[in-house]
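# Inside the fold
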Amino acid sequence: ERSPWLLKLLLKLLEQDEGVLSLLDGDPWADEKATADAHDEEIKKDGTSARDFSDEDINTRERSVGPKYIRIEKYRYAFNYDKKLKDDDGKPLHWKRERVGRYFPLQGVATKEILRDIM
């Protein structure tokens, strides 16, 4: 069984809660949001208004920004004593990371509805 705080954190990430996102180094979905915002600006330039879209189009657009599914992968970290290992920028790696496997959910992915049902 998983900790209630972890389930709540995952739900808040899926809901794009600003308070939770501010705890992260950056918004992992910022590029997706910027693309959606650019698309909205392009529509405005074309003179297309919101009334030109059906309710279904608007709801689909709102749901498409940010994550729909979430999962946690587990990794084992160890200090890197091998100074030959470098990152993509050529800087020495301080930590080695080994994937252990899926942490939550064990199969598939979690959605807002699944998380709400579990809590």
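Structure shown above.
The shown structure was predicted, so the numbers you read here are calculated from the model rather than taken from an experiment.

Scoring rules and cut-offs
Residues numbered from 1 in each chain as written. Predicted model: local features only at pLDDT ≥ 70, side-chain atom pairs only at ≥ 80, totals over all residues. Heavy atoms only, no water. Helix = DSSP H or I, 4+ residues; strand = E, 2+ residues; numbered from the N terminus. Buried < 20%, exposed > 50% of the residue type's maximum accessible area, 1.4 Å probe, protein only. Areas by Shrake-Rupley, 256 points an atom, 1.4 Å probe, with all protein chains shown as cover. Salt bridge = Lys/Arg side-chain N within 4 Å of Asp/Glu carboxyl O. Phe/Tyr/Trp six-rings, centres within 6.5 Å; stacked < 30°, edge-to-face > 60°. Lys NZ or Arg CZ within 6 Å of the ring centre and 35° of its normal.

## Considerations on the overall build of the protein chain
Helix and strand content of the protein chain: five helices and two strands. Tracing the protein chain from N to C terminus, the helices and strands come up as α-α-α-α-β-β-α. In the protein chain, which comprises 119 residues, the share counted as buried stands at 20%. Accessible area of the protein chain: about 9,500 Å², with a carbon and sulfur share of 50%.

## Points about the pattern of salt bridges
Under the defined criterion, the tally for this structure stands at six salt bridges. A salt bridge links Glu 15 to Arg 116, with the shortest nitrogen-to-oxygen separation between them at 2.9 Å. In this pair, Glu 15 sits in the loop between helix H1 (4-14) and helix H2 (18-21) while Arg 116 sits in helix H5 (residues 112-118), placing the two residues 101 residues apart along the sequence. Residue classification places Glu 15 among the partly exposed positions, given a relative accessible area of 32%.

## Here's the deal with the packing of aromatic side chains
Each aromatic ring pair is summarised here by two numbers: the centre-to-centre distance and the angle between the ring planes. Inspection of the entire model under this criterion finds two aromatic pairs. Taking 5.0 Å as the distance between ring centres and 70° as the angle between the ring planes, the aromatic pair formed by Phe 79 and Tyr 81 counts as edge-to-face. On the basis of relative accessible area, Tyr 81 is assigned to the exposed category, the value being 69%. Residue classification places Phe 79 among the partly exposed residues on the basis of a relative accessible area of 37%. Above the face of the Tyr 75 ring, Arg 97 is positioned so that its terminal group lies 3.8 Å from the ring centre.

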